[in-house]
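# Coordinate inspection notes
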Amino acid sequence: MTERHVTVERQGRVGLVFLDRPDRRNSYTPLMALQLQEALVAFDADPDVSVVVVSGRGAHFGVGADLDMNWRDEKTHGVETLTEPEKAPWNLSTPIIAAINGDAIGVSLTWAMQADIRVVADSARLAFSFNRVGILPDRGSTWLLPRLAGFGVAMDLLLTGRTIDGVEFERRGLATHIAAPRDVLGVAVELAADMAERCAPVSMTATKRLMYEFLESTDRVAAYNRERRVLTWIRSCGETAGHRGFKEKRAPDWGTTKHTRVPAELR
């Protein structure tokens with residue numbers, strides 16, 4: 001039987017993924033990387049899962065790479081290289097929430113930055129610690145962090161590798177929700193469940209895809225027009241039932257799934 005470094009659960013339409021090595025403070029391994037990717041891809045393929053929450057089992061989210069591994073061996077890197085970019089978190093159709101329930105260091109933190117929304121524990125210790133151990137910040141953090149927090153903040157956190165707490169992490173715009181450690185998972189699941197119930201699957205997927213696409217776009221008019229074309233198409237998908245639910249203050253009955261695809265001519 002394959003050792004499990006990642007485990008999964010379901011709560012209604014919310015998929016739960018746990019980094020599950022609490023005895024090792026959820027330190028990161030190649031097997032964890034592979035199983036995390038497999039779990040996200042599997043939930044993404046499930047039309048009954050609307051939102052995914054990723055958290056750490058126990059007191060930590062993850063304290064970075066397991067230092068007992070031989071990370072100089074290229075064979076240990078596995079899915080660290082984007083040989084299948086369509087499986088990257090930002091390319092999946094399902095919104096992903098990182099519930100950072102405790103300390104998140106190094107690669108554990110740069111993975112959390114790939115989620116779409118982050119909930120952080122106020123007392124969590126967080127550090128992009130790479131330069132302090134003689135390696136480069138990873139998982140696209142040199143591209144993403146300046147876009148999330150601004151160039152100056154990103155330079156500070158990535159160059160110094162200093163440790164900050166959840167309060168500063170949220171204040172810097174790197175998380176949008178903050179809670180006591182014991183409440184982080186509950187806040188994330190409540191948020192996910194509300195999204196799953198109240199938000200149209202096809203529009204959440206389209207919003208996520210356009211947001212990431214436009215991070216690299218400098219043509220505002222083209223972005224505006226593309227957004228408008230996709231909006232017009234979504235209006236044709238029969239989501240007026242959802243509008244009625246909104247007006248009647250009840251759960252909407254959506255007619256789409258996250259796998260309802262935008263026609264090729266609108267992409």
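In this report, we go over the structure that sits alongside the text.

About the thresholds
- Residues numbered from 1 in each chain as written.
- Predicted model: local features only at pLDDT ≥ 70, side-chain atom pairs only at ≥ 80, totals over all residues.
- Heavy atoms only, no water.
- Phe/Tyr/Trp six-rings, centres within 6.5 Å; stacked < 30°, edge-to-face > 60°.
- Lys NZ or Arg CZ within 6 Å of the ring centre and 35° of its normal.
- Pairing = 2+ DSSP bridges.
- Helix = DSSP H or I, 4+ residues; strand = E, 2+ residues; numbered from the N terminus.
- Buried < 20%, exposed > 50% of the residue type's maximum accessible area, 1.4 Å probe, protein only.
- Right-handed = clockwise from strand over helix to strand, strands pointing away.
- 1 Å grid on protein atoms, 1.4 Å probe; cavity = no way out; pocket = protein on both sides within 12 Å on 5 of 7 lines; lining within 4 Å.
- Points joined across faces, edges and corners; volume = space filled by probe spheres on them.
- Nonpolar A, V, L, I, M, F, W, Y, C, P; charged D, E, K, R; others polar.

### A few points about the packing of aromatic side chains
Tallied over the entire structure, the rule returns zero aromatic pairs. The cationic tip of Arg57 hangs over the ring face of Phe18; the distance from NZ or CZ to the ring centre is 3.9 Å.

### Some words on the sheet that holds strand S8 (residues 163–165)
Strands sit in the order S5-S7-S8 across an open sheet of three strands; the sheet is mixed. A single partner strand is all that each edge strand has here, and the edge strands are strand S5 (104–105) and S8. Strand direction decides the pairing type here: S5 and strand S7 (residues 125–127), joined by two bridges, are parallel. Residue pairing across strands places Ile105 opposite Ala127, the latter belonging to S7.

### Observations concerning the pairing of strand S3 (residues 51–56)
In terms of residue burial, S3 counts as a mostly covered element, since six of its six residues are buried. Both faces of S3 are covered, namely the face carrying Val51, Val53 and Ser55 and the face carrying Val52, Val54 and Gly56. Between the parallel pair strand S2 (residues 14–19) and S3, the chain is carried across by helix H1 (residues 30–45), and the sense of this crossover is right-handed.

### So, the layout of surface pockets
In this structure, the second largest pocket spans a volume of roughly 700 Å³. In terms of lining residues, the second largest pocket is bounded by 28 residues, among which Ala115, Asp116, Met211, Tyr212 and Leu215 are the most central. Of all the elements in the fold, those that place two or more residues in the lining of the second largest pocket are strand S4 (96–100), strand S6 (117–121), helix H3 (141–149) and helix H7 (201–214). Take the lining of the second largest pocket: its biggest share by element is five residues, from H7. Here the lining of the second largest pocket is built from residues that sort into 17 nonpolar, five polar and six charged.

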